[in-house]
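Coordinates in review
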Amino acid sequence: MQTQNTAPDSTVGIGANDGANEAPWSATEFEARLRAKGDRYHIHHPFNIKMRNGELSPAQIRGWVANRFYYQVCIPLKDAAILSNCTDKETRKRWVIRILDHDGWDDNAGGIEAWTRLGESVGIPRAEVLSLKHVLPSVKFAVDAYVNFARRAPWQEAVCSSLTEMFAPEIHKERLANWPKHYQWIEASGLEYFRSRISLAKRDVEHGLEVTLNHFQTRADQERALEILQFKLDVLWSMLDAIALAYPE
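Residues numbered from 1 in each chain as written. Predicted model: local features only at pLDDT ≥ 70, side-chain atom pairs only at ≥ 80, totals over all residues. Heavy atoms only, no water.

Let us now look at the overall build of the chain. Across its full length, the chain holds eleven helices and zero strands. When the helices and strands of the chain are placed in sequence order, the string is α-α-α-α-α-α-α-α-α-α-α. Relative to the 2.2 N^0.38 estimate, which gives 18 Å for 249 residues, the radius of gyration of the chain is 18 Å and therefore close to what a compact globule would have. Once the C-alpha set of the chain is aligned to its principal axes, its extents read approximately 55 × 40 × 30 Å. Here the chain holds 249 residues, and the buried ones make up 51% of them. Within the chain, residue pairs in contact and separated by at least 24 positions form 83% of the contacts whose partners lie at least 6 positions apart. Per element, the accessible surface of the chain, about 11,500 Å² overall, is 52% carbon and sulfur. A distance of 2 Å separates the average location of the 30 positive side-chain charges in the chain from that of its 33 negative side-chain charges. (Helix = DSSP H or I, 4+ residues; strand = E, 2+ residues; numbered from the N terminus. Rg over C-alpha atoms; globule rule 2.2 N^0.38 Å. Buried < 20%, exposed > 50% of the residue type's maximum accessible area, 1.4 Å probe, protein only. Contact = heavy atoms within 4.5 Å. Areas by Shrake-Rupley, 256 points an atom, 1.4 Å probe, with all protein chains shown as cover. Lys, Arg positive; Asp, Glu negative; His and termini not counted. Charge placed at Lys NZ, Arg CZ, Asp CG, Glu CD.)

Structure below.
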C-alpha cells in the first residue's frame, strides 16, 4: 500500500531552489498539471475500486461510512481555519458558504447531516455515527494533519490543498450509479450527500483554482502548489489504507 507523506512545511519553502531558475508555467499549463494529479486521487485506491464493483461487505461499507464521517465533521473546521488566516474580504465572503454547506442553515440540513443519514441508511445507529466511536486512530491522525496544515499555512496554500474537489464529482457520480445496483440493501434516501456535492464541488473548484492560479506565480511556487495538492491526496489515500486494513472483509 502507498505510504502517507508528511504534510508540507507551512513555514519553510519546500525545495527552496527547485524551479528557482525556471520560467513559470502558463496558467493553462499550471492548471493542467494540477488536474493531472487526479491520477493519484483515491478513486483509484483498491478499496474504492472494490466499492465501485460491488465487492464490499456490509461491514466494510459501514466501516468506511463511519470513518469518513470524521473527515466530514472536520471540513468546516478546516474552512474556518482558512477564513481565520485570510486577509482578503472578497475571498472570505465567497469561502464562508463552504462552512454553511456542511453545517447547514435554515431549512438546509447541510452535508454533515446528510452523511449522518447515510450512516443510518447503511445500518449504523445515528448515535454511533455521531459518537465517532468507530473512527480509527490512523484516520483521525490523517484528517487532523490536514486541518492543522490549514491552520498553520498561508491561506492561499490552504486553499490550494482543497483542490482535490476537482476530482470529486466523478467519484460521487460513480457511487450514485453503482450503489443502487450493487448495494440494494442501502436505503436510496441515504445517497443524497453524493448527489448534492456534484454541483457544489464545481462551484468550489472554480473559486479554489482562481485563488491558486493567481497566487502561485513563480515556477518554484507552482511546484510547491503541486506538492501541497499531493499532500492532500495522500491524506485521502492513507485514510483508505487504514480502513482497508481494519475491515478486510
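Here we come to the pattern of salt bridges. Under the counting rule described, the total for this entry stands at 20 salt bridges. Where glutamate 31 meets arginine 35, a salt bridge forms, and the shortest distance between an N and an O atom there is 2.9 Å. On the criterion of helical spacing, the pair formed by glutamate 31 and arginine 35 is a turn pair, its members being four residues apart in helix α1 (residues 27-36). On the accessibility criterion, glutamate 31 (24% relative accessible area) is partly exposed. A relative accessible area of 38% places arginine 35 in the partly exposed class. One salt bridge in this structure joins lysine 140 and aspartate 144, with 2.9 Å as the shortest N-O distance. (Salt bridge = Lys/Arg side-chain N within 4 Å of Asp/Glu carboxyl O.)

Within the secondary structure layout, alanine 168 lies in helix α9 (residues 168-182). Sequence-wise, alanine 168 and alanine 201 are 33 residues apart; in three dimensions their C-alpha atoms are separated by 6.9 Å.

Once that is clear, we can look at the environment of tryptophan 179. With respect to the secondary-structure elements, tryptophan 179 resides in helix α9. Setting aside chain neighbours within four positions, we find tryptophan 179 in contact with Met51, Ile61, Trp64, Leu118, Gln184, Ile186, Leu191 and Phe194.

For aspartate 106, which is not glycine, the phi dihedral falls at a positive 45°. Inspection of the secondary structure puts aspartate 106 in the loop between α4 (89-103) and α5 (110-121). For aspartate 106, a relative accessible area of 76% puts it in the exposed group. At leucine 132, a residue that is not glycine, the phi angle is positive and equals roughly 65°. Tracing the backbone through its elements, the reader meets leucine 132 in the loop between α6 (126-131) and α7 (137-152).

The next point concerns the side chain of lysine 232. Residue placement: lysine 232 occurs in helix α11 (residues 219-246). Buried charge without a partner: lysine 232 forms no salt bridge, and the closest opposite charge is glutamate 165, 6.6 Å away.

What follows concerns the packing of aromatic side chains. Scanning all chains against the criterion turns up nine aromatic pairs. An angle of 65° between the planes, with centres 5.9 Å apart, marks the rings of tryptophan 64 and tryptophan 179 as edge-to-face. You can see tryptophan 64 sitting in helix α3 (residues 58-85) and its partner tryptophan 179 sitting in helix α9, a full 115 residues away along the chain. In terms of burial, tryptophan 64 and tryptophan 179 fall into one category: buried. (Phe/Tyr/Trp six-rings, centres within 6.5 Å; stacked < 30°, edge-to-face > 60°.)

Another point: α5. The end-to-end C-alpha distance of α5, which contains twelve residues, comes to 17 Å, matching closely the 16 Å that a straight helix rising 1.5 Å per residue would cover. The buried count for α5 comes to ten of twelve residues, which makes it a mostly enclosed element. Within α5 the residues assigned to the buried category are Gly110, Gly111, Ile112, Glu113, Ala114, Trp115, Thr116, Leu118, Gly119 and Ser121. Elements in contact with the buried residues of α5: α3, α4, α6, α9 and α10 (192-215). (Expected span 1.5 Å × (residues − 1).)

This part covers the confidence of the model for the chain. Looking at the chain, the pLDDT average stands at 92 and 92% of residues meet or exceed 70. Residue range residues 1-6 is modelled with pLDDT below 50. Its contacts to residues more than four positions away, or to other chains, number 14 contacts. Here residues 11-17 is modelled with pLDDT under 50, and outside its nearest four sequence neighbours on either side it reaches five contacts, counting other chains as well. (pLDDT = per-residue confidence, 0-100.)

With that out of the way, let us pick up the nonpolar core. Leu34, Ile61, Trp64 and Trp179 are the most contacted members of the largest nonpolar core, which totals 63 residues. Once residues lying within four places of it in the same chain are set aside, the contact partners of tryptophan 64 are Phe47, Met51, Trp115, Arg175, Trp179, Phe194, Leu240 and Ile243. In this structure, Cys86, Ala150, Ala158 and Val211 belong to the second largest nonpolar core, which totals eleven residues. (Core = buried A, V, L, I, M, F, W, Y, C linked by side-chain atoms within 4.5 Å.)

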